[in-house]
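Coordinate inspection notes
Single-letter residue listing:
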Amino acid sequence: MTDLLTRLTLHLNAQQRELLDRSLAAGEATDLAGLVARAVRERASGTVSRLPVPAVSGRVDDWRSRLAHPVPAERELLEEWVLEPGTGKAIEVAAGELLRIEQIDGAQCVDFNCFNLHDYREFFHTGRTRTLHGINPGPGDFLWSSPPRERAMMFLLADTAHCNDVVFPRCSANLYETAYGFAAHTNCADIQAEAQREYGLTPDDVHDSFNFFMATSVDDGMPVIHRQSSVPGDHVELLAVMDVLAVPNICGADVMKTSNFSIKPVRVQRWRASAADLDAVPELRAYDTQRTVEQFRQPVIRTERALTRDPSYRPGFVNTPVVYDAVEVTLDADTLALATAEWDRVRYPGDEGAALRDLLLGWWAESHRA
Ligand SMILES: [Zn+2]
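Residues numbered from 1 in each chain as written. Predicted model: local features only at pLDDT ≥ 70, side-chain atom pairs only at ≥ 80, totals over all residues. Heavy atoms only, no water.

**Focus on the packing of helix α3 (residues 32–45) against helix α9 (residues 352–367)**
Operational definition: All axes here are fitted lines through C-alpha atoms, helices being fitted over the stretch that makes contact, and every angle between N-to-C directions spans 0 to 180 degrees. By the criteria applied, helices consist of DSSP H or I runs no shorter than four residues and strands consist of E runs no shorter than two, each listed in order from the N terminus. Any angle from 65 to 115 degrees is called roughly perpendicular, while one under 35 is roughly parallel, one over 145 is roughly antiparallel, and all others are oblique. Contacts: residue pairs with any heavy atoms within 4.5 Å of one another. The classification used treats Ala, Val, Leu, Ile, Met, Phe, Trp, Tyr, Cys and Pro as nonpolar, Asp, Glu, Lys and Arg as charged, and all other residues, Gly among them, as polar.
Closest axis-to-axis distance for the α3/α9 pair is 9 Å, and the angle between their directions is 75°. The angle between α3 and α9 places the two elements in the roughly perpendicular class. Across the interface between the two elements, Leu32, Leu35, Val36, Arg38, Ala39, Val40, Glu42 and Arg43 of α3 pack against Leu356, Leu359, Leu360, Gly362, Trp363 and Glu366 of α9. Each residue belonging to the contact of α3 with α9 can be placed in one class, and the counts come to nine nonpolar, one polar and four charged.

**Overview of a nonpolar patch on the surface**
To keep things clear, this is the line we draw: Note on patches: the residues involved have over 30% relative accessible area and no salt bridge, like charges join within 9 Å, and the nonpolar side chains Val, Leu, Ile, Met, Phe, Trp and Tyr join within 5 Å. Note on areas: these come from Shrake-Rupley sampling with a 1.4 Å probe, and a residue is covered only by the protein chains present in the view. Salt bridges are identified by distance alone: a Lys or Arg side-chain nitrogen within 4 Å of an Asp or Glu carboxyl oxygen.
There is a patch of nonpolar side chains on the surface, built from Val53, Val56 and Tyr287 and spanning about 230 Å² of accessible area. Relative to the assigned elements, Tyr287 resides in the loop between α7 (275–279) and β16 (324–330).

**A look at the nonpolar core**
Filter applied, for reference: Grouping buried Ala, Val, Leu, Ile, Met, Phe, Trp, Tyr and Cys residues that are joined through side-chain atoms within 4.5 Å yields what is termed a nonpolar core. For every residue, the accessible area obtained with a 1.4 Å probe (protein chains only) is divided by the maximum for its type, and the residue is called buried under 20%, exposed over 50%, and partly exposed between those limits.
Grouped together as the largest cluster of nonpolar side chains are 27 residues, with contacts concentrated most on Leu99, Ile101, Phe112, Met154, Phe212, Leu238 and Val244. Among all residues touching Val244, those that are not within four sequence positions of it are Ile91, Glu92, Val93, Cys114, Phe115, Leu117, Met153 and Met154. Ala29, Leu35, Val327 and Leu359 belong to the second largest nonpolar core, which has 25 residues in total.

**Observations regarding the environment of Leu156**
The topology assignment puts Leu156 in strand β8 (residues 152–159). Along the sequence, Leu156 and Ala240 sit 84 residues apart, while their C-alpha atoms lie 9.1 Å from each other.

**Let's talk about the coordination of the zinc ion**
To keep things clear, this is the line we draw: The rule for donors is simple: N, O or S, within 2.8 Å of the metal, or within 3.2 Å if the metal is Na, K or Ca. Water isn't counted, so a site may look like it is missing partners.
Protein-derived ligands of the zinc ion are Cys171 (SG), Cys188 (SG) and Cys251 (SG), with the metal-ligand distances lying across 2.2 to 2.3 Å. Counting the intervening residues between successive donors of the zinc ion yields the motif C-x16-C-x62-C. Here Cys188 is found in helix α6 (residues 188–196), whereas its partner Cys251 is found in the loop between β14 (244–250) and β15 (266–272), with 63 residues between them in sequence. Assigned by exposure class, Cys188 and Cys251 land together as buried.

**Some remarks on the domain arrangement of the protein**
Rules: What marks off one domain from the next here is an automatic or database domain assignment.
For the protein, the assigned domains are domain 1 (5–56 + 333–367) and domain 2 (63–287). Once you take the C-alpha centre of each, domain 1 and domain 2 turn out to be 42 Å apart.

**Comments concerning the side chain of Glu97**
Relative to the assigned elements, Glu97 resides in strand β4 (residues 97–103). Apart from the residues within four sequence positions on either side, Glu97 is in contact with His69, Leu78, Glu92, Leu238, Leu239, Ala240, Arg270, Trp271, Arg272 and Ala273.

**Here's the deal with the pairing of β15**
Selection criterion: Two strands are said to pair when DSSP picks up at least two bridges between them.
Extensive coverage of β15 is indicated by the burial of six of its seven residues. Here strand β2 (residues 76–83) runs beside β15; their pairing, made up of seven bridges, is antiparallel. Across the sheet, Glu80 pairs through a bridge with Gln269, a residue of β15. In this structure, β4 lies alongside β15, joined through seven bridges in antiparallel fashion. Note on β15: the bridge partner recorded for Glu102 is Arg267.

Next up, the structure:
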C-alpha cells in the first residue's frame, strides 16, 4: 500500500459534517477514520448496526392536552350517519374522538380527507403518510399532515379489512370523461368538494385522499386497482389527535374494480374515545421542524388568483451557499482493502473520495433508519 492510497480526501459539506460529528459525539466511533472503518467493516460483512439518530428532539408531543372533554371510561356514541352512494359528509372530529367507518353491504371504497379544524391550510398528506407507512397503510399507522407542518392528525386504531391505499389520487370528473366518455359521473373529487362546501372550502381545496377499503399494488412501476374483499361489519376507526374536519365519501367508481363494480352505502359514526382507546396511541415526538404559521416568512393566505412578482423579494434559502470542504481521512490497510472491494467504481470512476463518501453516508442512512 502506498501512502497516497491510504490517505483519501472526502469532499463534505457542512450539513454532512454535522451529521458525522453528531455520530462521533454519540460515541459511534472516536474519530472520522474510526467511523469510516466501522462503516466499511459493517458494509463488507453485511451486518449493519441499527443505531438511534443522534441528537433528535427529546420532546414529547403532548397531544392529550388538546382534548376539550374529559375522557370517558367507555366509548360514547355521539353521532351516526349512513352515507348514500354519490355522497360524502364533512364531520368535525375533536381531539380524543373517533370516527368509525363501517361496511354495510361490503366491498365499498371510502375516500377520506381531513383538515386541521382551526387552520384548513394544514391537511392530510398522502406523500408523508406513504413515506412513513408504505402504499397500503394499516392498523397502528398515522395520518400525517403536509409539509411544512408534518404532524400526526389521526391514528388508525382499528382496521379489520386492512385494505387501504395511498397511491391513487381521488377519482375525478375528467377521469371518467377521458377514460369512459361520461359527461357527468359520480366522482370523489366532486363529492369531496360538495361535502366540504358546507365549510366554505373550494374545489381547489380537495386534496389527494386516503382511500379506505381499496386494494392496490404497484406492478412494473404502475399503480393497479384490484377487486376487494371487505364484508359487512368490516370497519376502520380513526382517533383524532388534533381537532379535524374529516371528509369521508362513497367512492363514485362503479365502472372500475375499486368497489367490485357497484356503489353502496356505508355507516359512519363519531364516538368519544375511551381511555383505553387513547392509551393505544403510541407516544409521539414533537419537533421544531413541524412548522407553525408563526414560523412562515409569508404567513398571509392570498385572496387574488393571479400571481405577480414581489419586487422586494430577496431569496432566503436555508443553509446556502452549500460549500464542500476537503476532509482528509487516513485508512489502515485492512479498511482500505475492504473499502476498495465495496465501493462503486462504475459510478465514481477514478474518484475514491466520492466512492468513500457514498459508502460512508450510505452506511449512515442504512444504520440510522427509524
Ligand atoms: Zn373515487
